[in-house]
Amino acid sequence: MTDASTLPLACVILAAGKGSRLKSDLPKVLHPVAGEAVLAHILRACGAMNPQRLVLVVGPDMEDVEQAAAPHECVVQTKQLGTGHAVMAARAALQGFVGDVLVVYGDHPLLTPHTLQALVDARRQSGAQASVMGFCPPDPASYGRFITDESGALKEIVEFSDASPEQKAITLVNCGLMTLVAPQCWDQLARIDNKNAKEEYYLTDLVSLINREGGLCAYSVAPLDETPGFNDRAQLAEVERAMQERLRRQAMEQGVTLVAPETVFLCADTKLGRDVIIHPHVVFGPGVVVEDRAEIGPFCHVQQLRVRKGTKLTVTPDSGPLVHGDSVTPFSGPHPRSRYGT
């Protein structure tokens, strides 16, 4: 019998959304956060878990998303008939795969590998047929509520509109990510119906189906600061704010001085050495490496540069918003990326 903790892992990223409320010609997952497409953040988080397979579900005519996802396999969901239907679109691509299938939404760039692994571990450690990610927001609003039993198993996800007053008082709500088990999950997904107002196949209906058939569902609880997705420009700005706060905090924890942190804007790929000092109103574009003990003066806009050890960069009357320094090396090629970056 295979040890559940050693099962292979596959990741399915749902990236077919057009993001119509963004009022943009750019697909939702290609909008930038911290200088990189949202998709790049998701790919990096999933990649850190070393999945055996990684598949993206995209919509028709989304060649730009497929290009950004390369070299990973993309499958097309020809009609958007719900999240359950979207996961089923990946079935052929995962033919023959036996193991955990982590389903991730493409518009959640703040998720970390640690939180994704906790969702997988919740299923493995409980022996459940599925695990679902929940969270506890200050205002549960209209999220689906987690209904659990005395043992802590997840029995049902009740949509807000269908919830009783007692259920609406529950603060543990649905984030939507799930871990399933292949190959049995494909038969389970095929048994979900679309008897609802939108006539769509909802992935969350799997919880009720598994429980009705005598199975077990588990859950994990995500940190609140990792759960925000976005549907409009205001929510995208909130995601950017949260990402910048995270990057600033990480930089300071690693020995960087930010004189006025809230005025410094970092890129996801910015590399900062020890004892670096960054003055107020500095913006980092892609492809910047700042070596130890370098100093970046106020109002610099730095991109595609390696700033060597001990260098001080300043804005001069002649440089405008670009930087000036004695030991600056422009990158002649693309900045190095991780295996799963874009």
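The structure we're discussing is the one just above.
Now for a look at the structure at hand. Quick caveat: nothing in here was measured; it's all calculated off a predicted structure.

### Here we look at helix α8 (residues 233-253)
With 21 residues, α8 should cover 30 Å at 1.5 Å per step; its first-to-last C-alpha distance of 30 Å lies within 8% of that length. Along α8, the positions that sit buried rather than exposed are L236, V239, A242, M243, Q244, R246, L247, R248 and A251. Where α8 is buried, its residues contact β2 (32-33), α1 (38-47), β12 (257-258) and β13 (271-272). The N-terminus of α8 is capped by D232, whose side-chain oxygen sits 3.3 Å from the backbone nitrogen of A234. At the C-terminal side of α8, G255 shows a positive phi close to 95°.

### Some thoughts on a negative patch on the surface
On the surface, a cluster of negative charge is contributed by D61, E63, D64 and E66. Examined against the element boundaries, E63 turns out to sit in helix α2 (residues 63-69).

### Quick word on helix α4 (residues 113-126)
Helical periodicity: at 3.6 residues per turn, an α-helix aligns residues three or four positions apart in one direction. The terminal C-alpha atoms of α4, which comprises 14 residues, lie 20 Å apart, in line with the 20 Å expected from a rise of 1.5 Å per residue. Listing the buried residues of α4 in full gives T115, L116, L119, V120, A122, R123 and R124. Turning to α4, the residues buried within the fold contact β1 (9-14), α1, β6 (99-105), β7 (130-135), β10 (173-182) and β11 (217-221).

### A few points about the packing of aromatic side chains
Following the criterion strictly, the structure yields 2 aromatic pairs and no others. Ring centres 5.1 Å apart and planes at 85° place the aromatic pair F135 and Y143 in the edge-to-face group. Given the relative accessible area of 5%, F135 is considered buried. Between F146 and Y219, the aromatic rings sit 5.7 Å apart at their centres with planes inclined by 70°, giving edge-to-face as the arrangement. Of the two residues, F146 is situated in strand β8 (residues 145-148) and Y219 in strand β11; the sequence distance between them amounts to 73 residues. Of the residues examined, F146 reaches a relative accessible area of 2% and is grouped as buried. With a relative accessible area of 27%, Y219 lands in the partly exposed category. Lying over the aromatic face of F230, K28 brings its terminal NZ or CZ to 5.4 Å of the ring centre. The ring of F265 has R248 lying over it, and the distance from NZ or CZ to the ring centre is 5.0 Å.

### Digging into the side chain of T112
Note that T112 resides in the loop between β6 and α4. Overall, T112 belongs to the buried group, its relative accessible area being 19%. Apart from residues lying up to four places away in sequence, T112 is in contact with A45, E226 and R246.

### Things to note about the pattern of salt bridges
In this structure the tally under the stated criterion is 10 salt bridges. Across the pair R21 and D232 runs a salt bridge, and its minimum N-O distance is 3.5 Å. Of this pair, R21 sits in the loop between β1 and β2 while D232 is found in the loop between β11 and α8, placing the two residues 211 residues apart along the sequence. In this structure, K28 and D107 form a salt bridge, with 2.8 Å as the shortest nitrogen-oxygen distance. Highlighted residues: K28 in the loop between β1 and β2 and D107 in the loop between β6 and α4, separated in sequence by 79 residues. The pair formed by K28 and D107 is uniform in burial state, with each residue classed as buried. Several salt bridges converge on common partners, so that one network encompasses D100, R123 and R124.

### Quick look at the pairing of strand β9 (residues 154-158)
Two strands pair when backbone bridges link them, and β8 and β9 are joined in this way by 4 bridges, in the antiparallel orientation. Bridge assignment links R145 to a residue of β9, and that residue is V158. The turn linking β8 back onto β9 is made up of 5 residues, and G152 within it adopts a positive phi angle of 95°.

### Comments concerning the pairing of strand β4 (residues 53-58)
When you tally the buried positions in β4, you get 5 out of 6 residues, the bulk of the element. Here 5 bridges tie β1 to β4, and the two strands are oriented parallel to one another. By the bridge assignment, A10 is partnered in β4 with R53. Note that β4 and strand β5 (residues 73-76) share 4 bridges and pair parallel. The residue of β5 that forms the bridge with V57 is V75. At this point the chain moves from β4, through α2, to the parallel β5, and the crossover so formed is right-handed.

### Description of unusual backbone geometry
Put simply, A70 and P71 share a cis peptide bond, and its omega is 10°. Assignment of secondary structure puts P71 in the loop between α2 and β5. A cis amide bond links A182 to the next residue, P183, at an omega of 10°. Tracing the sequence through the fold places P183 in the loop between β10 and α6 (184-190). Positive phi, normally seen in glycine, also occurs at R293, with a value near 65°. Along the polypeptide, R293 turns up in the loop between β16 (288-290) and β17 (295-296).

Calculation criteria
Residues numbered from 1 in each chain as written. Predicted model: local features only at pLDDT ≥ 70, side-chain atom pairs only at ≥ 80, totals over all residues. Heavy atoms only, no water. Helix = DSSP H or I, 4+ residues; strand = E, 2+ residues; numbered from the N terminus. Expected span 1.5 Å × (residues − 1). Buried < 20%, exposed > 50% of the residue type's maximum accessible area, 1.4 Å probe, protein only. Contact = heavy atoms within 4.5 Å. Polar contact = N/O pair within 3.5 Å; in protein donor to acceptor, adjacent residues only side chain to side chain. Patch = residues over 30% accessible without salt bridge, like charges linked within 9 Å, V, L, I, M, F, W, Y side chains within 5 Å. Areas by Shrake-Rupley, 256 points an atom, 1.4 Å probe, with all protein chains shown as cover. Salt bridge = Lys/Arg side-chain N within 4 Å of Asp/Glu carboxyl O. Lys, Arg positive; Asp, Glu negative; His and termini not counted. Charge placed at Lys NZ, Arg CZ, Asp CG, Glu CD. Phe/Tyr/Trp six-rings, centres within 6.5 Å; stacked < 30°, edge-to-face > 60°. Lys NZ or Arg CZ within 6 Å of the ring centre and 35° of its normal. Pairing = 2+ DSSP bridges. Right-handed = clockwise from strand over helix to strand, strands pointing away.

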